[in-house]
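Residues per chain, in single letters:
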Amino acid sequence: MYDYVIVGAGSAGCVLANRLSEDPDVTVLLLEAGPPDAKDNIHVPLGFLKLGKTDVDWDYSTAPEPFCDARRIYLPRGKTLGGSSSINAMVHIRGNRRDYDGWGIPGWGWDDLAPYFDSNLLPAEESRSNNPMSLAFVDAAVEAGHGRSDDFNGDEQDGFGMYRLTQSGGMRASTAVLYVHPVIERPNLTVETYMHAHRVVFENGRAIGVEASRLGEIHRFDAEREVILCGGSYNSPQLLMLSGVGPAEQLTMKEVEVILDQPAVGENLIDHPSVTFVWTTTEECSLLVALEPEALTQFEEQQMGPLTSNLAEAGGFVRVQDDAPAPDIQYHAVPVQIVDEGLSDPTAHGMWISPCLLQPESRGSVTLGSNDPHAKPIIRHNYFAAERDMDTMIKGSRLLLDIVGQPSLAKYCAEPFTVPAGTSDEDLRKHVARNTVTLYHPVGTCAMGSVVDADLRVQGVEGLRVVDASVMPMVPRGNTNAPVVAIAERAADLIRGREPARREQAPAVV
Ligand SMILES: Cc1cc2nc3c(=O)[nH]c(=O)nc-3n(C[C@H](O)[C@H](O)[C@H](O)COP(=O)(O)OP(=O)(O)OC[C@H]3O[C@@H](n4cnc5c(N)ncnc54)[C@H](O)[C@@H]3O)c2cc1C
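Keep in mind it's a predicted model, so treat the numbers as computed, not measured.

Chemist: Run through the overall build of the protein chain, naming residues and quoting values.
Modeler: Broken down by element type, the protein chain carries 12 helices and 23 strands. Computed over its C-alpha atoms, the radius of gyration of the protein chain comes to 22 Å, within 12% of the 24 Å expected for a compact globule of 510 residues. Seen through its C-alpha atoms, the protein chain measures out along the principal axes to roughly 65 × 50 × 50 Å. For the protein chain, the residues scored as buried account for 57% of the 510 residues in total. Considering only contacts in the protein chain between residues 6 or more positions apart, those separated by 24 or more positions represent 72%.

Chemist: Lay out the site of the ligand with the relevant residues and their values.
Modeler: As a structural note, the neighbourhood of the ligand is formed by 40 residues, with Gly8, Gly10, Gly83, Asn479 and Asn481 the closest of them. Of all the secondary structure elements, the ones that give two or more residues to the shell around the ligand are helix 1 (11–20), strand 9 (196–203), helix 7 (232–242) and helix 12 (481–495). Class assignment for the residues of the shell around the ligand results in 18 nonpolar, 18 polar and 4 charged.

Chemist: So what's going on with the packing of helix 10 (residues 387–404) against helix 11 (residues 425–435)? Residues and values would help.
Modeler: It is the contact of helix 10 with helix 11, at a shortest axis distance of 9 Å, that shows an interaxial angle of 105 degrees. The angle between helix 10 and helix 11 falls in the class roughly perpendicular. Residues Met390, Met393, Ile394, Ser397 and Arg398 of helix 10 form the contact with helix 11, whose participating residues are Asp425, Leu428, Arg429, His431 and Val432. In the contact of helix 10 with helix 11, the residues fall into 5 nonpolar, 2 polar and 3 charged.

Chemist: Describe the nonpolar core, with residues and values.
Modeler: Counting residues in hydrophobic clusters, the biggest one holds 159 residues, and the most contacted among them are Val5, Ile6, Leu16, Ala17 and Val467. Beyond its immediate sequence surroundings of up to four residues, Val5 is in contact with Leu29, Leu31, Gly209, Val210, Phe221, Ala223 and Val227.

Chemist: Just give me the short version of the environment of Gln321, but keep the residues and values in it.
Modeler: By secondary structure assignment, the location of Gln321 is in the loop between strand 16 (314–318) and strand 17 (329–334). Gln321 sits 12 residues away from Ala333 along the chain, and the two C-alpha atoms are 22 Å apart. Once you skip the residues sitting within four places of it in the chain, Gln321 turns out to touch Asp328, Thr392 and Lys395.

Chemist: Tell me about unusual backbone geometry, and name the residues and values.
Modeler: With a phi angle near 55 degrees, Asp69 is a residue other than glycine that sits in the positive phi range. Along the polypeptide, Asp69 turns up in the loop between strand 3 (60–61) and strand 4 (74–75). Judged by the 13 C-beta atoms lying within 10 Å of it, Asp69 is partly exposed. Positive phi values are uncommon outside glycine, yet Phe384 reaches one of about 70 degrees. With respect to the element layout, Phe384 can be found in the loop between strand 20 (378–380) and helix 10.

Chemist: I'd love a proper account of the environment of Thr423, names of residues and values included.
Modeler: Among the structural elements, Thr423 can be located in the loop between strand 21 (415–418) and helix 11. By the C-beta count within 10 Å, which is 13 here, Thr423 ends up partly exposed. Residues Thr423 and Ser397 lie 26 residues apart in sequence; the distance between their C-alpha atoms is 9.0 Å. Look past the residues within four positions of Thr423 in its chain and what remains in contact with it is Arg398, Leu401 and Leu428.

Thresholds, definitions, all that
- Position numbers for residues count from 1 along each chain, tracking the sequence in the order it is written.
- At least 70 in pLDDT is required for a residue's local features to be given in this predicted model, at least 80 for side-chain atom pairs to be given and counted, and no such filter applies to totals for whole chains, interfaces and linings, which use all residues.
- Labels follow the DSSP assignment, with helices taken as runs of H or I lasting at least four residues and strands as runs of E lasting at least two, numbered in each case from the N terminus.
- The reference for a compact globule is 2.2 Å times residues^0.38; the radius of gyration itself is calculated from the C-alpha atoms.
- Exposure classification rests on a simple neighbour count of other C-beta atoms within 10 Å of a residue's own: a residue reaching 20 or more is buried, one at 12 or fewer is exposed, and one in between is partly exposed. C-beta atoms are placed from the backbone.
- C-beta atoms are first placed from the backbone for all residues, and any pair lying within 7 Å is then listed as a contact.
- Near residues are defined by distance alone, with the backbone-placed C-beta atom required to lie within 6 Å of the molecule or strand.
- Classification convention: Asp, Glu, Lys, Arg as charged; Ala, Val, Leu, Ile, Met, Phe, Trp, Tyr, Cys, Pro as nonpolar; all other residues, Gly among them, as polar.
- Only the contacting stretch of a helix is used when fitting its axis, a line to C-alpha atoms as for every element, and angles between N-to-C directions run 0 to 180 degrees.
- Orientation categories follow fixed angle ranges, with anything under 35 degrees roughly parallel, anything over 145 roughly antiparallel, 65 to 115 roughly perpendicular, and all other angles oblique.
- Buried Ala, Val, Leu, Ile, Met, Phe, Trp, Tyr and Cys residues form a nonpolar core when they are connected through C-beta atoms within 7 Å.

Take a look at the structure:
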């Protein structure tokens, strides 16, 4: 018997495991379906290129996307200690004050979360790679008339610059490294890897434990105080549904006993769709240089150079719609040729640059494919179901082509590799439909205000919370790891019954 059973050792779960076990009188169990984070490719930043479709990836795909040429779009998710923070691109963005104030949930506005953005353990280091192509992308944006930004987490989000990274000394700083490894010896903290949770066990409407399996053997873990789901935006709703909390009709069809009819579970799926543009060049300076022996020496001796690259080294935030109150498009510039969603090796030096839609109106869903806990959920993102989303992406794509046409990028974006046939709206629309990928930021499927309350308790049952990206009612303007960590830090205070911090007049990102 444990006080708290946490399911999922990802960005949120690792934070909670650390904070809850700070109290020596409390016992905490952290369950993780994947292996320990032992691979070098997790910790050497550039190595994450090679983690897709390995044993540390859930390897999901969308159902055929109706507005993206009916393609199934690959959706990697971390399946190891650290979860997606062990396989992500390490871009550190807090988001915009409007994002959190816009949720309209008491206790989760910008002034409530700002102290947790300040006090969490995530570093925000400057890049140690600084590829010339990334620097040229920022220069080209300035040549095209945009502002330069030294820090997207500063007073203003708009502008172009180099991203700050969740790295420490040139190594990935996952939540496992920051929050779990240093406290793994605490006698009141137990971490079980390769332990796949099947369902939450209920008694008289109260969550009393978790059933899980390792290597085919079923285990039961009881929770005296609470079960806390931290499985992420695809797996937490799946686990709720497997446990009988979800849309009753759907559960009954899958032969799952209904504990609570809650139609909102799995709905409201929101992500940042991102569109691939690639050019190649004869300049031999892309991240392919990481394969040369000097790169390894530089990394081993100084922890600098291309092996420390997070791929998305540079980027920017812009407003392309006249009525946008804050940035509506974010760019990521990656100084390497990306082929086949990154799953095939580059064949030439080149560059991937992508606009991503920050505030989509389109909504998708996660539903049960089967009552088998090892089966993949059905994920429909419905990217671009809303026409305004397509219109914003077309504008963002045209703005990108303008930047690429500036002198600083001429020698790097020399030959088109994956580009639209022309610049008409129709050409850009076709390109978007054919080349949209995920920017890996799904949220919203167990949202505050519908599935969970403002204390992240699952409404309608006892003893159960969800703490991860799925509780965000809307995706913030930016990458989602730091927001999830801030949410988990605040959740830890709520769970421990401590007065949450609040900062009056926290500096605003506008
Ligand atoms: C490839 C990629 C690149 C990204 N790049 C960036 C970036 O540069 N910057 C940024 O800010 N964000 C980035 N993100 C997004 C960011 O990492 C996520 O938003 C964040 O990690 C989500 O945290 P989470 O706690 O909700 O879920 P996760 O971190 O995904 O954690 C969920 C955990 O639960 C475990 N789990 C799930 N189901 C079960 C089960 N049934 N039993 C036991 N364990 C289970 C999983 O294995 C996993 O460890 C990226 C994500 C990916 C995948």
